[in-house]
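What follows is each chain in one-letter form.
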Amino acid sequence: MTAEQYRRWTRPFRGKEGLVETLNRMLTRLGWLLYPVLLLALALKGDPRLLRCVLVPGVSFAAVTLVRRWINAPRPYEALEIDPIIHKDTKGQSMPSRHVFSMFVIAVTYLWIQPWIGVILLLLGVVLAVLRVLGGVHFPRDVLVGALCGIGSGLVGYWLL
């Protein structure tokens, strides 16, 4: 993504920055709210899948956090001369996107337990990824890698192990 591409992509959203920021915040909170709701429901039912639903996202989240610290890729607002829609002070650690990763690993967790909710969360994960790029806090590669890591860790953790 270049500065010119970013300006072109965000032109329709200028003057509506609050909408992008609000949707970003709402989708992020939705994922973080639905995950403990699922864990609580599994705990109340005594469902044996609870432990995996804690371990798979937890271990994956820790691994993604370590990888992004090691990569320490700059964010678009650091690397390009742009005015981001979502204002942050964070330096580096752009890749992979942990917001997008989290939404996708939570979506895959729901796919394993409650598939129709998982499908909805996957679609909302795509929307979140687009918002993070439009917001100027991630490059397209950051959100793509975050999504693939979330899906991949879920597939390995729930179906292959």
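Located above this text is the structure these notes cover.
Not measured: the values here are computed from a predicted model.

### Overview of the overall build of the protein
Within the protein one finds seven helices and zero strands. Each helix and strand of the protein, ordered N terminal to C terminal, gives the series α-α-α-α-α-α-α. The C-alpha radius of gyration computed for the protein amounts to 16 Å, which stays within 12% of the reference 15 Å derived for 161 residues, consistent with globular compactness. Expressed along its principal axes, the backbone C-alpha trace of the protein runs to roughly 50 × 30 × 25 Å. Contacts spanning at least 24 positions in sequence make up 74% of the contacts within the protein whose residues lie at least 6 apart.

### Topic: a nonpolar patch on the surface
A surface patch of nonpolar side chains, amounting to about 550 Å² of accessible area, comprises Leu155, Val156, Trp159, Leu160 and Leu161. Tracing the backbone shows leucine 155 in helix α7 (residues 140–160). Exposure remark for leucine 155: the relative accessible area of 40% places this residue in the partly exposed category.

### Some words on the environment of tryptophan 9
If you trace the backbone, tryptophan 9 turns up in helix α1 (residues 3–10). Here the alpha-carbon distance between tryptophan 9 and leucine 23, two residues 14 residues apart in the chain, equals 17 Å.

### So, empty space enclosed by the protein
Tallying each qualifying case throughout the model produces one cavity of 30 Å³ or more. Lining the largest cavity, in full, are Leu27, Thr28, Gly31, Trp32, His99, Ser102, Met103, Ile106 and Leu128. Secondary-structure elements contributing two or more residues to the lining of the largest cavity are α2 (17–45) and α5 (98–113). Per-class residue counts for the lining of the largest cavity are five nonpolar, four polar and no charged.

### Topic: unusual backbone geometry
For the bond from methionine 95 to proline 96, the omega torsion is -5 degrees, close enough to zero to count as cis. Along the chain, proline 96 turns up in the loop between α4 (76–79) and α5. Positive phi values are uncommon outside glycine, yet asparagine 72 reaches one of about 50 degrees. Structurally, the position occupied by asparagine 72 is in the loop between α3 (50–71) and α4. With phi around 55 degrees, glutamine 93 is a residue other than glycine that occupies positive phi space. Mapped onto the elements, glutamine 93 comes out in the loop between α4 and α5.

### Quick look at the side chain of threonine 28
As for its placement among the helices and strands, threonine 28 is situated in helix α2. On the basis of relative accessible area, threonine 28 is assigned to the buried category, the value being 14%. Apart from the residues lying within four places of it in its own chain, the contact partners of threonine 28 are His99 and Leu128.

### Re the pattern of salt bridges
Applying the stated criterion across every chain yields a total of six salt bridges. A salt bridge links glutamate 4 to arginine 7; the shortest N-O distance between them is 3.9 Å. A residue pair is termed a helical-turn pair when its members lie 3 or 4 positions apart in one helix, as glutamate 4 and arginine 7 do in helix α1 at three residues. According to the relative accessible area criterion, glutamate 4 is partly exposed, its value standing at 41%.

Procedures and definitions
- Residues numbered from 1 in each chain as written.
- Predicted model: local features only at pLDDT ≥ 70, side-chain atom pairs only at ≥ 80, totals over all residues.
- Heavy atoms only, no water.
- Helix = DSSP H or I, 4+ residues; strand = E, 2+ residues; numbered from the N terminus.
- Rg over C-alpha atoms; globule rule 2.2 N^0.38 Å.
- Contact = heavy atoms within 4.5 Å.
- Patch = residues over 30% accessible without salt bridge, like charges linked within 9 Å, V, L, I, M, F, W, Y side chains within 5 Å.
- Areas by Shrake-Rupley, 256 points an atom, 1.4 Å probe, with all protein chains shown as cover.
- Salt bridge = Lys/Arg side-chain N within 4 Å of Asp/Glu carboxyl O.
- Buried < 20%, exposed > 50% of the residue type's maximum accessible area, 1.4 Å probe, protein only.
- 1 Å grid on protein atoms, 1.4 Å probe; cavity = no way out; pocket = protein on both sides within 12 Å on 5 of 7 lines; lining within 4 Å.
- Points joined across faces, edges and corners; volume = space filled by probe spheres on them.
- Nonpolar A, V, L, I, M, F, W, Y, C, P; charged D, E, K, R; others polar.

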